[in-house]
Amino acid sequence: KDTFPVYDATRELSSDNVLRESYWIYNDEGKQTSYLSKVEGKEETKVLIFYDENGYVKEHQHFYRGARNEGIKRWDWTKTSKGYEVFYEDDGEMSYTKSVEHACDDKLCKWLYASLKPWPSSESLEGKLDQLQLTGYVEYDQQRRVVFQQNYQDNGRLTYQAKHVFSK
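Quick caveat: nothing in here was measured; it's all calculated off a predicted structure.

Caption draft 1: Quick peek at the overall build of the chain. Check the secondary structure of the chain and you find zero helices and twelve strands. Helices (α) and strands (β) of the chain occur, in sequence order from the N terminus, as β-β-β-β-β-β-β-β-β-β-β-β. For the chain, the proportion of its 168 residues judged to be buried stands at 32%. A sequence separation of at least 24 residues applies to 15% of the contacts in the chain between residues at least 6 apart. For the chain, the exposed surface amounts to about 11700 Å²; the carbon and sulfur share of it is 48%.

Caption draft 2: Structural view of the packing of aromatic side chains. Evaluation of the coordinates by the stated rule reveals eight aromatic pairs. Here Lys79 stacks its cationic end above the ring of Tyr84, 4.9 Å away from the centre of that ring. Looking at Arg145, its charged tip hangs above the ring of Phe166, at a distance of 4.2 Å from the centre.

Caption draft 3: Representation of the state of the cysteines. Counted by the stated rule, this structure contains one disulfide. Between Cys104 and Cys109 runs a disulfide, and the two sulfur atoms are separated by 2.2 Å. On the accessibility criterion, Cys109 (1% relative accessible area) is buried.

Caption draft 4: Main features of the nonpolar core. Phe87, Met94, Tyr96, Val100, Tyr113 and Leu132 together form the largest nonpolar core, which totals six residues. A total of three residues in this core trace back to one element, the largest contributor, which is strand β8 (residues 93-104).

Caption draft 5: The pairing of strand β4 (residues 42-51), seen in detail. Pairing geometry for strand β3 (residues 32-39) and β4, over six bridges, is antiparallel. Looking at β4, one finds that Leu36 is bridged to Lys46. The antiparallel pairing of β3 with β4 creates a hairpin that spans two residues between the two strands, and Glu40 there sits at a positive phi of about 55 degrees. Relative to strand β5 (residues 57-64), β4 runs antiparallel, the two sharing seven bridges. When the bridges of β5 are listed, Thr45 appears paired with Tyr64. Where β4 folds back on β5, the antiparallel hairpin that results is connected by five residues, among which Gly55 adopts a positive phi of roughly 90 degrees.

Caption draft 6: Highlighting the pattern of salt bridges. On inspection of all chains with the given rule, the structure shows five salt bridges. Measuring nitrogen to oxygen at the nearest pair gives 2.6 Å for the salt bridge that ties Glu44 to Arg20. One end of the pair, Glu44, is in strand β4; the other, Arg20, is in strand β2 (residues 17-26), with 24 residues separating them in the sequence. The pair formed by Glu44 and Arg20 is uniform in burial state, with each residue classed as buried. Two residues, Arg74 and Glu59, come together in a salt bridge whose shortest N-O distance is 3.3 Å.

Caption draft 7: Representation of the pairing of strand β9 (residues 107-115). In this structure, β8 lies alongside β9, joined through eight bridges in antiparallel fashion. Looking at β9, one finds that Val100 is bridged to Trp111. Hairpin connection from β8 to β9: two residues lie between these consecutive antiparallel strands, with Asp105 at a positive phi of about 55 degrees. Pairing of β9 with strand β10 (residues 132-140), which is carried by eight bridges, proceeds in the antiparallel orientation. Bridging from a neighbouring strand, Ser115 pairs with Leu132 of β10.

Conventions adopted
Residues numbered from 1 in each chain as written. Predicted model: local features only at pLDDT ≥ 70, side-chain atom pairs only at ≥ 80, totals over all residues. Heavy atoms only, no water. Helix = DSSP H or I, 4+ residues; strand = E, 2+ residues; numbered from the N terminus. Buried < 20%, exposed > 50% of the residue type's maximum accessible area, 1.4 Å probe, protein only. Contact = heavy atoms within 4.5 Å. Areas by Shrake-Rupley, 256 points an atom, 1.4 Å probe, with all protein chains shown as cover. Phe/Tyr/Trp six-rings, centres within 6.5 Å; stacked < 30°, edge-to-face > 60°. Lys NZ or Arg CZ within 6 Å of the ring centre and 35° of its normal. Disulfide = S-S within 2.5 Å. Core = buried A, V, L, I, M, F, W, Y, C linked by side-chain atoms within 4.5 Å. Pairing = 2+ DSSP bridges. Salt bridge = Lys/Arg side-chain N within 4 Å of Asp/Glu carboxyl O.

See the structure below:
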């Protein structure tokens, strides 16, 4: 319930260094409901976050410098037998993501795939792995905490890897 600002300095292409004050706002259930950034005390960016009936993010509404809605991003989640399919829309362009989950010893292992190109419709790619690329791999412990993760880009090149250890 307490909030604290996070400051970051960013070198932008069109400006000098900017010191941005950032806030991630959560509700009482621990879900992020918005994001707010300020520069010199004035609102710069605001994002409102909405969830579907299953608790998954369904929409982001973006505002810039108090202006009207600058963009909407939408997600449509479908539970499959082994994970989820997610259709993501940003500025009229559709993308597809698929997760595949399996029990691995005492952990849950999840592979994440994305469409190789923008996906033109809400057609499922179930069973069409040749049209997908691996974008991530995550292992969760029995408390659903991330214990290992890998991110992939550029046709499968490993770009990030982290192991997380928790104290008892």
